Amino acid sequence: MTPIVRLENVVKTYDGGVAALRGVDLDIFPGELLAIVGPSGSGKSTLLHMMGVLDRPTSGRVIIAGHDIGRLPDRELSGLRASLLGFVFQQFHLAAGVSALDNVADGMLYSGVPLSERRRRAALALERVGLGERLTHRPHELSGGEQQRVAVARAVVREPAILYADEPTGNLDSASGAEVLGVLRTLHADGTTIAIITHEHEVAAAAGRQVSVRDGRIVSDVRSPL
Amino acid sequence: MTAVTPSRLMARDLLRVGLAGLRVRRTRVALASLGIAIGIATMVAVVGISSSSQADLLRRLDELGTNMLTVKAGQTLQGEDAKLPEQSVAMVSRIESVYAVAATGDLEASVYRTDRIPADRTGGISVRAATLGLLETVQGRVRTGSWFTTASASFPTVVLGDLASRRLGVTAPGAQVWLGGRWFTVLGVLDPVPLAPGIDRAALVGWEGARDLLSFDGHPTMLYERSTPEYVEAVRSVLPRTVNPEYPEEVTVSRPSDALAARAATAGAFTNLLLGLGAVALLVGGVGVANTMVVSVLERRREIGLRRALGATRGHIRAQFLAESLLLSGLGGVAGLALGTLVTIGYAVSNGFPTLVPLWAIGGGLGAVVVIGSVAGLYPAVRAARLSPTVALGTA
């Protein structure tokens, strides 16, 4: 099976000599639910930037769905993100004063799909995360857990090949966190490939595969049957 | 290998994104566009007001006609006041393209409200003999009363110019004034005559009446003539010799409409100083827009990061902020155009001018706004586009 994401000996050194990643090899296959765990400063955020083609490695290769990103210009990297990758961030990043429906519809803003079609699909995506009744609510009218579910809906509205969730429960109380994790697991059960970056072990335990990062290296990669 | 479709941002969506960016920060948007609005309003109003007053002058010029010439007796070589020959009216009327000719002759007499006013208080009013055709030739209008008829021209009757009537305090026909040592009845009062301002300050007496009652010698001081417009210059060149064959150099021929036309030309050359002020206001407005955009980019790093994660290219981010800047200054520009036009309308209506805001002023205003919006937005937009997605997301 071809991996969706393949990292080959990826090294990332920031200006000033800080080595965030010191040679990482990682394959993520379709249908996986994977947790990347590690303490802060371990390099897991940098790993997300590599996998999410938000940044380029200093050396090594990053291959997304067969595309070697090292050779792609900005336009094509952006196209890759727009069509294959979905992101959920710790701070939701929802547009204030804009309805849940339009926030989700903006997930497809750069895909060349007309607004009416974007809204139709946004309504379906909100349905999938259990917010079918909240289409017209604006972010400040929603709870933290609901806001993060809107952000998840925005990430999956264009059916990405892989969904990255960066500390998705970091800003939530445990009840809301569980709610969001539940949504992610449902999506995974429906076939979405998901990588969760977290430092919480309860979150990691919910995944079928745990990759531990420490000091810029992968120190363990464990598949556990659920 | 899965095919990658390149990122796309449709024009309609670009507009939506730009508008959404402005909607969130209304106060700031209003203040930033106010500067542009003031600049554009100033320039449009300056151009509009001067164009409107020019249009008014040209309209009046059209009504009055530019085909009237006046001939003044002038002075003799010895420096005395010259007189035109008695037959000069008849001779001018024989010039082929001349269709109207009239004359006034200065009289020694003065006019007073009553016989008890001291002789030296003439109020600057001149007494002139006038031929019957004068009113028609100078296109004057009678405000009240009537103009001379063949009959009334030989009676002791007088028609007052606008200023003369006000200085005398006589505004209604039928009143008596003391003129040349006897009572004259006021026949009528004229409206101001733009092409012959001398008539405004005159008390006019019929040609025959002046001869009979005021010992007028019948020599005209001033001739007024109108000819077919194409031949005005030709008539002008033959007038001195026709009017005064013996001393053609004594007479002065002039075209009163030239003064009005000159005024119209100056009115059109709108005040450069005011226009410069408008340009400075516009420039300051542009700096305001640039400042607002720079602050906006700093505040919205996370939004930029998110958009990059959603697949926006650098170009899309640049276009978004340029669109915002253009909309911002465009908003101010449209408000300024409306304001400037309103000011022009107000000024024109209160002065009885036709309202005229030239299309080139509107087009130029909008063009300036587009240029300012682009220039002011360029630097912030480029900065926003250069921001690395990871830095923008604040996760690096």
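Residues numbered from 1 in each chain as written. Chains lettered and ligands numbered in written order. Predicted model: local features only at pLDDT ≥ 70, side-chain atom pairs only at ≥ 80, totals over all residues.

## Re the overall build of chain A
The helix and strand inventory of chain A stands at seven helices and ten strands. Its C-alpha atoms give chain A a radius of gyration of 17 Å, within 12% of the compact-globule value 17 Å for 226 residues. Expressed along its principal axes, the backbone C-alpha trace of chain A runs to roughly 45 × 40 × 40 Å. By the burial criterion, 53% of the 226 residues in chain A qualify as buried. Partitioning the intrachain contacts of chain A with sequence separation of at least 6 by distance along the chain shows that 69% fall at a separation of at least 24. (Helix = DSSP H or I, 4+ residues; strand = E, 2+ residues; numbered from the N terminus. Rg over C-alpha atoms; globule rule 2.2 N^0.38 Å. Buried ≥ 20, exposed ≤ 12 C-beta atoms within 10 Å, placed from the backbone. Contact = placed C-beta atoms within 7 Å.)

## Focus on the domain arrangement of chain B
Residue and element names in this part refer to chain B. Partitioning chain B into structural domains gives domain 1 (11-61 + 266-392) and domain 2 (67-262). Of note, the centres of domain 1 and domain 2, computed from C-alpha atoms alone, are 57 Å apart. Contacts between the two partners involve four residues from domain 1, matched on the other side by five residues from domain 2. The greatest single-element share of the side of domain 1 that touches domain 2, amounting to three residues, is contributed by helix H2 (residues 26-64). A breakdown of the residues in the side of domain 1 that touches domain 2 according to their chemical character gives two nonpolar, one polar and one charged. (Domains from an automatic or database assignment. Nonpolar A, V, L, I, M, F, W, Y, C, P; charged D, E, K, R; others polar.)

## A look at the nonpolar core
The biggest cluster of nonpolar side chains holds 118 residues, and the ones touching the most others in it are Val104, Val152, Ala153 and Ala195 of chain A. Per-element tally for this core: the top contributor is H2 of chain B, with 13 residues. With residues near it in sequence (within four places) discarded, Ala153 of chain A still touches Val104, Ala125, Leu126, Arg128, Val129 and Leu131 of chain A. Val101, Ala130, Phe148 and Val159 of chain B belong to the second-largest nonpolar core, a separate cluster that totals 55 residues. (Core = buried A, V, L, I, M, F, W, Y, C linked by C-beta atoms within 7 Å.)

## A word on the sheet that holds strand S2 (residues 19-28) of chain A
Residues and elements named next belong to chain A. What the four strands build is an open sheet, ordered S2-S1-S4-S5; its pairing is antiparallel. Each having just a single partner strand, S2 and strand S5 (67-68) make up the two edges of the open sheet. The strands that helix H1 (residues 44-51) touches are strand S1 (5-13), S2 and strand S4 (59-64); relative to S1, the one it contacts most, it runs at about 125 degrees. (Pairing = 2+ DSSP bridges. Axes fitted to C-alpha atoms, helices over the stretch in contact; angles between N-to-C directions.)

## Overview of the environment of Ile372 of chain B
All names here are of chain B. Position of Ile372 among the secondary structure elements: in helix H13 (residues 359-386). Note on Ile372: 28 C-beta atoms within 10 Å, which makes it buried. With 56 residues separating them along the chain, Ile372 and His316 place their C-alpha atoms 21 Å apart. Sequence-distant contacts of Ile372, that is, excluding residues within four places in its chain, are made with Ile36, Leu282, Gly286, Val289 and Ser329.

## Things to note about the interface of chain A and chain B
Between chain A and chain B, the contact holds 30 residues from the first and 25 residues from the second. Of all elements in the fold, only H1 and helix H2 (74-84) of chain A reach the threshold of two or more residues within the side of chain A that touches chain B. Considering each element in turn, the side of chain A that touches chain B owes the most residues, ten residues, to H2 of chain A. Per-class residue counts for the side of chain A that touches chain B are eleven nonpolar, 13 polar and six charged.

## What about the UniProt feature "domain: ABC3 transporter permease C-terminal" (unreviewed entry) in chain B?
The UniProt record marks residues 277-389 of chain B with the feature "domain: ABC3 transporter permease C-terminal" (unreviewed entry), using the residue numbering of this structure. Span residues 277-389 of chain B is 88% helix and 0% strand, its end C-alpha atoms 43 Å apart. (UniProt positions renumbered as here; feature names shortened; annotations may be inferred.)

## Brief notes about unusual backbone geometry
With glycine set apart, most residues show a phi of negative sign, and most peptide bonds adopt trans. Residue and element names in this part refer to chain A. A positive phi angle is found at Phe92, which is not glycine, with a value near 55 degrees. With respect to the element layout, Phe92 can be found in the loop between strand S6 (85-88) and helix H3 (100-105). One non-glycine residue with positive phi stands out, namely His93, at about 55 degrees. You can see His93 is positioned in the loop between S6 and H3. We classify His93 as buried; it has 21 C-beta atoms within 10 Å.

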